[in-house]
Amino acid sequence: MGDSQLFLDTFSIASLNAEKYDRVSRIFGHTENGDTELHLDVNTELYPIAEGERIQLMLASTLNLDGTRDDGKGWRDVGRGEQSLADTWDYVCHGKIYRFQEGDEENIKVFISFGGLLLYMQGPYKKLTPLRIDYVYLLVKK
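Residues numbered from 1 in each chain as written. Predicted model: local features only at pLDDT ≥ 70, side-chain atom pairs only at ≥ 80, totals over all residues. Heavy atoms only, no water.

> Can you lay out the overall build of the protein for me, pointing to particular residues and giving the numbers?
Looking only at helices and strands, the protein features one helix and eight strands. Of the regular secondary structure in the protein, the N- to C-terminal order runs β-β-β-β-β-β-β-α-β. For 142 residues, the compact-globule formula gives about 14 Å, and the C-alpha radius of gyration of the protein, at 15 Å, lands near that figure. The burial tally for the protein puts 39% of its 142 residues in the buried class. Within the protein, contacts between residues separated by at least 24 positions form 56% of all contacts whose residues are at least 6 apart in sequence. Roughly 8400 Å² of accessible area belongs to the protein as shown, and the carbon and sulfur atoms make up 46% of that amount. Between the averaged position of the 16 positive side-chain charges in the protein and that of its 23 negative side-chain charges there is a distance of 3 Å. (Helix = DSSP H or I, 4+ residues; strand = E, 2+ residues; numbered from the N terminus. Rg over C-alpha atoms; globule rule 2.2 N^0.38 Å. Buried < 20%, exposed > 50% of the residue type's maximum accessible area, 1.4 Å probe, protein only. Contact = heavy atoms within 4.5 Å. Areas by Shrake-Rupley, 256 points an atom, 1.4 Å probe, with all protein chains shown as cover. Lys, Arg positive; Asp, Glu negative; His and termini not counted. Charge placed at Lys NZ, Arg CZ, Asp CG, Glu CD.)

> Outline the environment of Ala60, listing residues and values.
With respect to the helices, strands and loops of the structure, Ala60 is situated in strand 4 (residues 54-60). Between the C-alpha atom of Ala60 and that of Leu139, which follows or precedes it by 79 residues, the distance is 7.8 Å. Contacts of Ala60, omitting those with residues within four sequence positions, involve Ser4, Leu6, Leu85, Val136, Tyr137 and Leu139.

> Tell me about the sheet that holds strand 7 (residues 117-124), and please be specific about residues and values.
Spatial ordering of the closed barrel is given by 1-2-3-7-6-5-8-4, a layout of eight strands whose pairing is antiparallel. Going across the sheet, the axis of each strand differs from the next one's by a mean of 35°, ignoring polarity. Where strand 5 (residues 91-102) lies against strand 6 (residues 107-114), six bridges are found, and the strand directions are antiparallel. Among the inter-strand pairings, Arg99 is bridged to a residue of strand 6, identified as Phe111. (Pairing = 2+ DSSP bridges. Axes fitted to C-alpha atoms, helices over the stretch in contact; angles between N-to-C directions.)

> Which residues make up the pattern of salt bridges, and what are the values?
Where charged atoms of side chains with opposite charge meet at close range, the side chains can pair. For the structure shown, the criterion picks out six salt bridges. When the shortest N-O distance is used, the salt bridge between Lys127 and Asp9 registers 2.4 Å. A residue pair is termed long-range when its members are at least 10 positions apart, and Lys127 in helix 1 (residues 125-128) and Asp9 in strand 1 (residues 5-17) qualify at 118 residues. Note on Lys127: relative accessible area 24%, which makes it partly exposed. Between Arg23 and Glu45 there is a salt bridge; the shortest N-O distance is 3.9 Å. (Salt bridge = Lys/Arg side-chain N within 4 Å of Asp/Glu carboxyl O.)

> So what about the nonpolar core? Which residues, and what values?
Residues Leu57, Leu59, Met121 and Leu138 are the most contacted members of the largest nonpolar core, which totals 28 residues. Of all elements in the fold, only strand 1, strand 2 (24-31), strand 3 (37-43), strand 4, strand 5, strand 6, strand 7 and strand 8 (135-141) reach the threshold of two or more residues within this core. If one sorts the elements of this core by residue count, strand 6 sits on top with four residues. If near-sequence neighbours (up to four positions away) are discounted, Leu59 is found in contact with Ser4, Gln5, Leu6, Phe7, Ile112, Phe114, Leu119, Met121, Leu131, Tyr137 and Leu138. Counting residues in hydrophobic clusters, the runner-up holds seven residues, among them Ala60, Leu85, Tyr137 and Leu139. (Core = buried A, V, L, I, M, F, W, Y, C linked by side-chain atoms within 4.5 Å.)

> Pulling in residues and values, what's your account of the environment of Pro124?
With respect to the helices, strands and loops of the structure, Pro124 is situated in strand 7. The spatial distance from the C-alpha of Pro124 to the C-alpha of Ile108 is 6.2 Å, given a sequence separation of 16 residues. Not counting residues up to four positions away in its chain, the partners in contact with Pro124 are Asp35, Thr36, Glu106, Asn107 and Ile108.

Written out as structure tokens, the structure is:
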């Protein structure tokens with residue numbers, strides 16, 4: 001039993017770019033205190049989002065409410081009536097943290113791929129410390 005939450009914060013969407021793909025926009029945002037920057041590809045057909053909105057974003061190691069590992073059981077294998085972390089969020093993706101890069105001063109850069117939809121975050125090392133090269137869930141709600 002453990003805590004599945006690796007990262008949680010609220011971001012303000014500063015801008016978005018929908019020019020490259022039909023149903024995908026790259027959103028750019030920052031936390032309320034401005035210490036963490038976000039670039040995220042979102043399927044806007046499934047989850048419409050606009051400039052100026054605020055979103056809550058969480059990265060989690062599992063969708064199990066008790067924090068236990070998935071043990072090879074994917075999010076699609078959740079049985080009917082079985083509760084999961086995804087039930088309280090609007091947009092959920094599964095992906096892999098594949099790279100870290102040193103940033104300026106006390107910052108670190110994190111790169112995550114969700115089947116080709118990318119997430120790039122830059123923020124304080126202390127805030128992003130729980131992240132490791134591993135599989136994670138992205139959960140977003142407004």
